[in-house]
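These are the residues of each chain, in order.
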Amino acid sequence: MVDLERPRDLGQILNACWLLYRRHFTAFAAIALAVVVPMDLVSLGLIDGYLTSGFDLDKAVGGGPAYSIVQTLITVPLVSAGHVFAVMRIGRGEEPSPGESLSQAGGVLPVVLGTVLLSTLGVLAGIVVVVLPGIYLAVRWFVASQSVVAEGRRPVDGLRRSGELVRGSWWRVFGISIAFSLVAGAGGALVGVPIGVLAAATDSGAVLVLGHMAADAVILSFTALGGTLLFFDLRARSAGNPTPEAP
């Protein structure tokens with residue numbers, strides 16, 4: 001069980017992420033892989049053509065257009081929503097169910113997608129104007145998807161709610177988001193790089209797709225967990241709850 005009604009500092013959030021991931025590894029891995037494997041296979045492997053090509057260093061580092069679009073519109077929203085539902089279930093003292101979490105995530109996907117599209121367009125517009133407004137909005141709306149899933153809000157209301165929660169904590173959320181990216185990136189590299197090396201040795205685009213799948217599953221699962229715990233941390237702070245010592 002995890003207490004979702006109390007604030008946590010960065011170290012406590014990271015520690016809680018690790019404890020949750022370790023204790024419920026099967027559930028969180030299943031949620032991530034159930035989305036990542038088919039989405040990466042179709043977008044990266046088939047549409048972007050990785051399955052029929054040899055190893056390419058540029059492909060090893062990034063992905064093609066289809067991969068980027070599917071990641072933004074389907075993979076990340078589904079994985080994030082699935083993790084929110086799983087964490088909420090753990091918070092109630094129940095075991096997380098990958099099937100139920102993904103089913104619930106599918107039910108709210110249109111709303112989460114609308115939130116993602118609105119925030120993405122706003123951030124891009126801010127970047128085009130002066131760059132800094134885009135960064136500001138990206139942080140301000142960092143927990144918009146979580147607010148939509150956890151509190152049943154609509155897209156515009158989710159953006160507003162995220163702004164309310166982040167108000168007064170912008171720099172803190174900015175720093176935590178960078179920490180999430182670094183830790184998740186390191187974990188993804190730990191599993192993805194060895195497979196990438198194998199793909200280079202065998203000149204196989206198919207093996208490279210497997211590497212992307214493994215790295216994506218780790219990265220998206222950890223960042224979804226971190227974003228969920230950060231949302232509940234901000235909500236607890238907004239409610240004025242004290243911070244206990246225990247993680």
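Remember, it's a predicted structure, so these values are computed and weren't measured experimentally. (Residues numbered from 1 in each chain as written. Predicted model: local features only at pLDDT ≥ 70, side-chain atom pairs only at ≥ 80, totals over all residues. Heavy atoms only, no water.)

Enquirer: Explain unusual backbone geometry to me, please; I cannot follow it from the model alone.
Expert: A negative phi angle characterises most non-glycine residues, just as the trans form characterises most peptide bonds. You will see that Asp203, though not glycine, has its phi angle at about 50 degrees, which is positive. Its location among the elements puts Asp203 in the loop between helix H9 (170–202) and helix H10 (205–238). (Helix = DSSP H or I, 4+ residues; strand = E, 2+ residues; numbered from the N terminus.)

Enquirer: What is the right way to look at the layout of surface pockets in this model?
Expert: Empty space among the atoms can be located by rolling a probe the size of a water molecule over them. The computed volume of the largest pocket comes to approximately 930 Å³. Residue assignment for the lining of the largest pocket shows that the elements contributing at least two residues are helix H4 (65–91), helix H5 (98–129), helix H6 (132–140), helix H7 (144–151), H9 and H10. (1 Å grid on protein atoms, 1.4 Å probe; cavity = no way out; pocket = protein on both sides within 12 Å on 5 of 7 lines; lining within 4 Å. Points joined across faces, edges and corners; volume = space filled by probe spheres on them.)

Enquirer: Please explain the nonpolar core as it appears in this structure.
Expert: General note: in soluble globular proteins, nonpolar side chains tend to be found buried as a group. In this structure, Phe28 and Leu230 are the most contacted members of the largest nonpolar core, which totals 53 residues. The set of elements that each furnish at least two residues to this core consists of helix H1 (10–23), helix H2 (25–47), H4, H5, H7, helix H8 (155–166), H9 and H10. Ranked by residues supplied to this core, first place goes to H10 with 13 residues. Setting aside anything within four residues of it in sequence, one finds Leu230 in contact with Ile13, Phe142, Val143, Arg172, Val173, Ile176 and Phe180. Formed by five residues, the second largest nonpolar core is a distinct cluster that contains Leu137, Trp141, Ala144 and Leu159. (Core = buried A, V, L, I, M, F, W, Y, C linked by side-chain atoms within 4.5 Å. Buried < 20%, exposed > 50% of the residue type's maximum accessible area, 1.4 Å probe, protein only. Contact = heavy atoms within 4.5 Å.)

Enquirer: Got a minute to help me understand the packing of H2 against H5 in this structure?
Expert: Describing two packed helices takes the angle between their axes plus the distance from one axis to the other. At a closest axis distance of 9 Å, the pairing of H2 and H5 adopts a crossing angle of 45 degrees. When the axis of H2 is compared with that of H5, the two are oblique. The handedness of the crossing between H2 and H5 comes out as right-handed. Contacts between H2 and H5 involve Ala27, Ala30, Ile31, Ala34 and Val35 from the first element and Pro98, Ser101 and Leu102 from the second. Counted by class, the contact of H2 with H5 contains seven nonpolar, one polar and no charged residues. (Axes fitted to C-alpha atoms, helices over the stretch in contact; angles between N-to-C directions. Parallel < 35°, antiparallel > 145°, perpendicular 65-115°, else oblique. Left-handed = near helix turned anticlockwise from the far one by under 90°. Nonpolar A, V, L, I, M, F, W, Y, C, P; charged D, E, K, R; others polar.)

Enquirer: Which parts of the structure should I look at to understand the packing of aromatic side chains?
Expert: Given two aromatic rings, their pairing is described by the distance between the two centres and the angle made by the two planes. The final tally for this structure, using the stated rule, is seven aromatic pairs. Judged by centre distance (6.1 Å) and plane angle (15 degrees), the ring pair of Tyr136 and Trp170 falls under stacked. Linking Tyr136 in helix H6 with Trp170 in helix H9, this pair joins segments that are 34 residues apart in sequence. The class for Tyr136 is partly exposed, based on a relative accessible area of 39%. Residues Phe231 and Phe232 carry aromatic rings whose centres are separated by 5.0 Å and whose planes lie at 70 degrees to one another, so their mutual orientation is edge-to-face. Summarising the burial analysis for this pair, Phe231 and Phe232 share the class buried. (Phe/Tyr/Trp six-rings, centres within 6.5 Å; stacked < 30°, edge-to-face > 60°.)

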